[in-house]
Amino acid sequence: MCGIAGIVEFGRGVDPDMAVAMAEVLRHRGPDEGGLYAGPVCALSVRRLAVQDVLHGHQPAYSEDGRVAVILNGEIYNFAALRAEVEAKGHRVASGSDTDVLPHLYEEYGDAVLHRLRGMFAIAVWDEPRRRLLIARDRLGKKPLYYLHHGSSFRFASEIKAFFADRSVPREPDFEAIHHFLCLQYVPAPWTAFVGVRALPPGHQLCLDDDGEVLKQWWRLARPPALNVDRREAAALVGAMAREAVGLRMVADVPVGAFLSGGTDSACVVAAMAEQASGPVRTFTIGFHEGERDERALASTTARALGTDHTEIVVEPDVAGLLPLVTWHHDQPFADNSSLPTLLLAQETRRHVTVALNGDGGDEAFAGYPRVQRLGRDAKAGVAAVLRMGARAIPPSLNPANPLALARLMALARSGWSPEAYEAGVEIFPEPFLLRAYTPAMRAAIKGQPTRRLLHGALGDDGVDPVWRGQAADYATYLPGALLAKVDVATMAASLEARSPLLDHELVELAASLPTARKVGPGGAKLALRDAFRGIVPDAVLDGPKRGFGIPLDRWFRTTLHPLATAMLAPPGAAVRNVLRGEVIDDLLGSHANGRSRHGTRIFALVALEMWFRTFIESPPPLVAPTGVSLSDLC
C-alpha cells in the first residue's frame, strides 16, 4: 500500500523535487520508505507502507533495462501466479513484492495488463522509449487517483492535497460538485470539489504522450446471463469463491486482522479467515452507548463462536473533535458521519496489525440495502400506480421534514420500481429542495449535469430486473463515492491497509450472475451468502436486521453537539451561507433542536461543508495532519 504522485512535463522538463514534495504530503499512506523515478520529462514519487517483501519490495519497480517504471498503490492478490508467468517468459523479477511483477507484465501485454490483475490498485506506468504515461484505477474504485493540468504539466496523486504542495496550484471551489455533495453526501467521480482537479473514475485509464491524452473505461460491471441454480447450488458457489477471495487477502508479510461488526458480511469474512488461519484471528469492533446503534453484543457473539482475539472500542460524542483531521484527510466535503468512528477503529486496529480485512461489498453484491430490495417489491399494479400518482402529486421541492414530503417518501418506498424511489433512498437533501433553498449566486453557479440525471444513468436500461438496477447504481455511485472513500481515507490516515474480499471482482461477477431470487426472497436478503456460512456464523447474526453504521446524530445534535452546529453554521459570515440561504439553515437548526424535525444527517453535511471551506479554501491547507483539536475548540 502506498501514496503515489507524479508529474509529466513534455515542454521544459520536469522538477523531481516537486514530485517528492507531493508524495511527502502522503507520508501517512506510506510511512516506511520513499522512492523516486526522475527522467527528463517524467518524475514518479511514492511513499510505501511495506506489506509484501518488507525488506526488498521497493518502489518504483523497473523492467530489466530500467526503461519502464511502475508505482502502485494497492495490492495485486494473484501476483504469485503472475510472477511465475513472466519468469517463464524469461523475465527476472527483482523481489518478492507484487509491484515488481508489473513492469514485466506491461512489457508483455501493454495496457491489457490491467485485465490480468486481481486486486485493488491505482497504478502509474512510465514507458520511457514511447514517452508515455499510463495511469489506471481498479475495477470497483477501491484505490483513489486524481489528476490535473497545471501550467504545462500533468500531475496525478493518491490524494488531492498532494497538489497543494505547490502553492501556485489554485484552490477554487467547484459549486457543481458541491451541489452533488449536498444531494448525495459525497462528491462523485469524475468531479472533485476543486475546479480543474478530476477524479479518475473506477475502471478507467488515462494515457498521456506527445500526441495528447486519452481517457477510457477499461472495465465495467455488466450483468451476465443468470445462472440456473437452486438455493443450495448458489450457496456452494458463493461459499467457495468467498473463501478463495479471503484466502488471497490473508497473504502478507505483516500481521493481519479484521474489522468485525454485528452484521452478516464481516462475520462471514471472519469465519472464512478462521477456517484458514493458523491461530486466532484478531478482530476489532466499534460501538456506542446508545443501544440502537451498538453492535458490540452481536460482534462478541460472532467472536466467541469463531474463537477470535477480540477488541472493542466505544465512541463518545467528543469524537466530533476529529472533524478537522477527517476533513484534512478527505480533501473534499464528505458527510458519511461513520467516517469519524471508522477513523477511531482504524487507529486502534493499527496498534495491533498492519492489514485488516472487512465486509465491504456484501450489501452491493447480495442486495442487502432495503432501498434496493424495495425496488423489487411486488406491489399490485393498481396499488403501485396509485402510490406513484400520489407521490408525484406532492411537490418534491418541499422541506424534507414537511409531513407531505415524508408521505411522498413513504408512498415511493411502497410502490415498487421507479427511478424516484431509488433517488428517495439515496438523497440526503432532495435536489428540487436544494434548488429552491440555494442563494442566487449558488443557483447561477450550477448549470451542469443534475444529480438526478447522474443517478438515472447509473440505474441503466429499462426492462431489466429492478433489484439489479439498484445494485448496479450502487456499484457505480454510492460504493466508490461514499463507502470505499470512507474506508480508504480512514485506514490510510492510520497507515493501515484495508482489504475487502467481498469486492473481489470475480466474486462480484459471480453474484451478479445469480438470479435475484437467490439474493432476496421470503427468507430475507443476502440469501446465498448467509446460506454459505450457515452453521458457522451464529444464526442470531445471520438472521439479524440490517443495521446502519453511524453516529446517533439526531440525538447528539440536540444535546452535546448542538453548540458545535450553532457555532459553525449560525454566524452570518459562515461560508455555507453563501451556498444555502441563511433562513433555510436557521430553520434546519431550529426545527431540529426543538424536536419538530429530524435533520441530524443534513446538519452534519452542512458542518462538514463548512469545515471543508475553512480548511481548504479560506487559507492554504496545512501539508501535515492537524493535531490536538478538541470538541470545545470548534464551538
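Model, not experiment: these values are computed from the prediction.

J.: Got a sec to walk through the overall build of the protein chain? Specific residues and values, please.
T.: In terms of regular secondary structure, the protein chain is built from 27 helices and 17 strands. In summary, the protein chain has a C-alpha radius of gyration of 24 Å against a globular reference of 26 Å for 635 residues, a match within 12%. The principal-axis extent of the C-alpha atoms belonging to the protein chain is close to 70 × 60 × 45 Å. Burial analysis of the protein chain (635 residues in total) assigns 61% to the buried set. Sequence separation of 24 or more characterises 73% of the internal contacts of the protein chain that already satisfy a separation of 6 or more. A total of about 22,800 Å² of accessible surface is found on the protein chain, and carbon and sulfur atoms cover 53% of it. For the protein chain, the separation between the mean place of its 67 positive charges and that of its 73 negative charges on side chains is 6 Å.

J.: Can you tell me about the packing of aromatic side chains, naming the residues and giving the values?
T.: The geometry of an aromatic ring pair is captured by two quantities: the separation of the ring centres and the angle between the planes. Taken as a whole, this structure holds nine aromatic pairs when the rule is applied. Judged by centre distance (6.3 Å) and plane angle (55°), the ring pair of Tyr 37 and Tyr 62 falls under tilted. Here Tyr 62 lies in strand S4 (residues 61-62) and Tyr 37 lies in strand S2 (residues 33-38), a separation of 25 residues in the sequence. Exposure remark for Tyr 37: the relative accessible area of 10% places this residue in the buried category. Linked through ring pairs, Phe 164, Phe 194, Trp 612, Phe 613 and Phe 616 together constitute an aromatic cluster. Directly above the ring of Tyr 109 sits Arg 116, whose terminal nitrogen or CZ lies 4.3 Å from the centroid. When the ring centre of Tyr 478 is taken as reference, the NZ or CZ atom of Arg 371 above it lies at 5.1 Å.

J.: Can you explain the pairing of strand S6 (residues 119-127)? Please cite residues and give values.
T.: Most of S6 sits inside the fold, with nine of its nine residues counted as buried. The side-chain alternation of S6 yields two buried faces, one formed by Gly 119, Phe 121, Ile 123, Val 125 and Asp 127 and the other by Met 120, Ala 122, Ala 124 and Trp 126. By the bridge criterion, six bridges tie S6 to strand S7 (residues 132-137) in an arrangement that is antiparallel. Of the residues in S7, the one forming a bridge with Asp 127 is Arg 132. The turn linking S6 back onto S7 is made up of four residues, and Arg 131 within it adopts a positive phi angle of 45°.

J.: Report on the sheet that holds strand S5 (residues 68-76), specifying residues and quantitative values.
T.: The sheet built from six strands is open, its strands ordered S4-S5-S6-S7-S11-S12 with antiparallel pairing. Of all the strands in the sheet, the pair left with one neighbour each is S4 and strand S12 (212-217). Note that strand S11 (residues 204-209) and S12 share six bridges and pair antiparallel. Residue Leu 206 lies in a different strand from S12, and its bridge partner there is Leu 215. Together, S4, S5, S6 and S7 form the strand contacts of helix H3 (residues 102-109), whose direction differs from that of S5 by roughly 115°.

Scoring rules and cut-offs
Residues numbered from 1 in each chain as written. Predicted model: local features only at pLDDT ≥ 70, side-chain atom pairs only at ≥ 80, totals over all residues. Heavy atoms only, no water. Helix = DSSP H or I, 4+ residues; strand = E, 2+ residues; numbered from the N terminus. Rg over C-alpha atoms; globule rule 2.2 N^0.38 Å. Buried < 20%, exposed > 50% of the residue type's maximum accessible area, 1.4 Å probe, protein only. Contact = heavy atoms within 4.5 Å. Areas by Shrake-Rupley, 256 points an atom, 1.4 Å probe, with all protein chains shown as cover. Lys, Arg positive; Asp, Glu negative; His and termini not counted. Charge placed at Lys NZ, Arg CZ, Asp CG, Glu CD. Phe/Tyr/Trp six-rings, centres within 6.5 Å; stacked < 30°, edge-to-face > 60°. Lys NZ or Arg CZ within 6 Å of the ring centre and 35° of its normal. Pairing = 2+ DSSP bridges. Axes fitted to C-alpha atoms, helices over the stretch in contact; angles between N-to-C directions.

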